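# Commentary on secondary and tertiary structure
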Amino acid sequence: MDRLFVGLAAVSGFLAVALGAFGAHLLRDRLGPDLLPVWQTAQRMHLFHTAALLFIAWAAARWPGPATAAAGWLFIAGLVLFSGSLYALALTGARWLGAVTPFGGAAFLAGWLALAWRAWSAP
């Protein structure tokens, strides 16, 4: 499980850096002043939770179990739903995508709680 999460974090990290550069260099002048901060929020949370996913890989080796795995999968779901919906919203201007974002935020929160549970309940 730890190697899987490292691999997924590596791909996610690549995407976070590439999308950050894309936003900074190609979208800065194309997105309206209300949508550039949306892109930046997506990218910031993407990068933070990529780092968290690397930590999950370490935790999976140290404290294997369903709660650690759940935390990793919840972070991945959060990346797709939270950051993904904000990237799409910024590119398309489709405001309905903002309704998806809270589900990603809830997945991030649940992932942190699952990690806390595993850390405190580990022998």
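The structure we're discussing is the one just above.
Read on for a plain summary of the structure. (Residues numbered from 1 in each chain as written. Predicted model: local features only at pLDDT ≥ 70, side-chain atom pairs only at ≥ 80, totals over all residues. Heavy atoms only, no water.)

Moving on: the packing of aromatic side chains. Taken as a whole, this structure holds seven aromatic pairs when the rule is applied. Summarising the aromatic geometry, the rings of Phe82 and Phe108 are spaced 5.7 Å apart at their centres and angled 50 degrees between planes, so their arrangement reads as tilted. Taken together, the residues span a long stretch of sequence, with Phe82 in helix H3 (residues 66–92) and Phe108 in helix H4 (residues 101–121) at a distance of 26 residues. Judged by relative accessible area, which is 13%, Phe82 ranks as buried. Exposure remark for Phe108: the relative accessible area of 3% places this residue in the buried category. One aromatic cluster is present, formed by Phe22, Trp39 and Tyr87 through successive ring pairs. (Phe/Tyr/Trp six-rings, centres within 6.5 Å; stacked < 30°, edge-to-face > 60°. Helix = DSSP H or I, 4+ residues; strand = E, 2+ residues; numbered from the N terminus. Buried < 20%, exposed > 50% of the residue type's maximum accessible area, 1.4 Å probe, protein only.)

Another aspect to go through is the environment of Phe48. One can find Phe48 in helix H2 (residues 36–62). Taking the relative accessible area as the measure of exposure, Phe48 reaches 51% and is therefore exposed. Measuring from C-alpha to C-alpha, the distance between Phe48 and Leu79 comes to 9.9 Å, with 31 residues separating the pair along the chain.

Turning our attention to the nonpolar core. Core analysis: the biggest nonpolar cluster contains 29 residues, and Phe5, Leu31, Val38, Trp39, Leu53, Ile56 and Phe75 have the highest contact counts within it. Those elements that provide at least two residues to this core are helix H1 (2–27), H2, H3 and H4. In contact with Leu53, other than residues within four places in its own chain, are Phe5, Leu8, Ala9, Gly72, Phe75 and Ile76. (Core = buried A, V, L, I, M, F, W, Y, C linked by side-chain atoms within 4.5 Å. Contact = heavy atoms within 4.5 Å.)

The residue Ala18 is located in helix H1 in this model. Its relative accessible area of 35% is what places Ala18 among the partly exposed residues. Here the alpha-carbon distance between Ala18 and Phe75, two residues 57 residues apart in the chain, equals 19 Å.

As a further point, take the packing of H3 against H4. Two numbers describe how H3 lies on H4: the axes approach to 7 Å, and their chain directions differ by 160 degrees. With respect to their mutual orientation, H3 and H4 come out roughly antiparallel. Considering how the two elements wind past one another, H3 and H4 form a crossing that is left-handed. Here the contact of H3 with H4 is composed, by residue class, of 17 nonpolar, seven polar and one charged. (Axes fitted to C-alpha atoms, helices over the stretch in contact; angles between N-to-C directions. Parallel < 35°, antiparallel > 145°, perpendicular 65-115°, else oblique. Left-handed = near helix turned anticlockwise from the far one by under 90°. Nonpolar A, V, L, I, M, F, W, Y, C, P; charged D, E, K, R; others polar.)

The next thing to look at is H3. Note on helix geometry: an α-helix contains 3.6 residues per turn, so any two residues three or four positions apart are oriented the same way. An ideal rise of 1.5 Å per residue puts 39 Å on 27 residues; H3 measures up with 37 Å between its terminal C-alpha atoms. Just beyond H3, the residue with positive phi is Gly93, at close to 75 degrees. (Expected span 1.5 Å × (residues − 1).)

What follows concerns a nonpolar patch on the surface. A cluster of nonpolar residues, Met1, Leu4, Leu8 and Trp73, forms a patch on the protein surface that exposes about 370 Å² of accessible area. Here Trp73 is to be found in helix H3. (Patch = residues over 30% accessible without salt bridge, like charges linked within 9 Å, V, L, I, M, F, W, Y side chains within 5 Å. Areas by Shrake-Rupley, 256 points an atom, 1.4 Å probe, with all protein chains shown as cover. Salt bridge = Lys/Arg side-chain N within 4 Å of Asp/Glu carboxyl O.)

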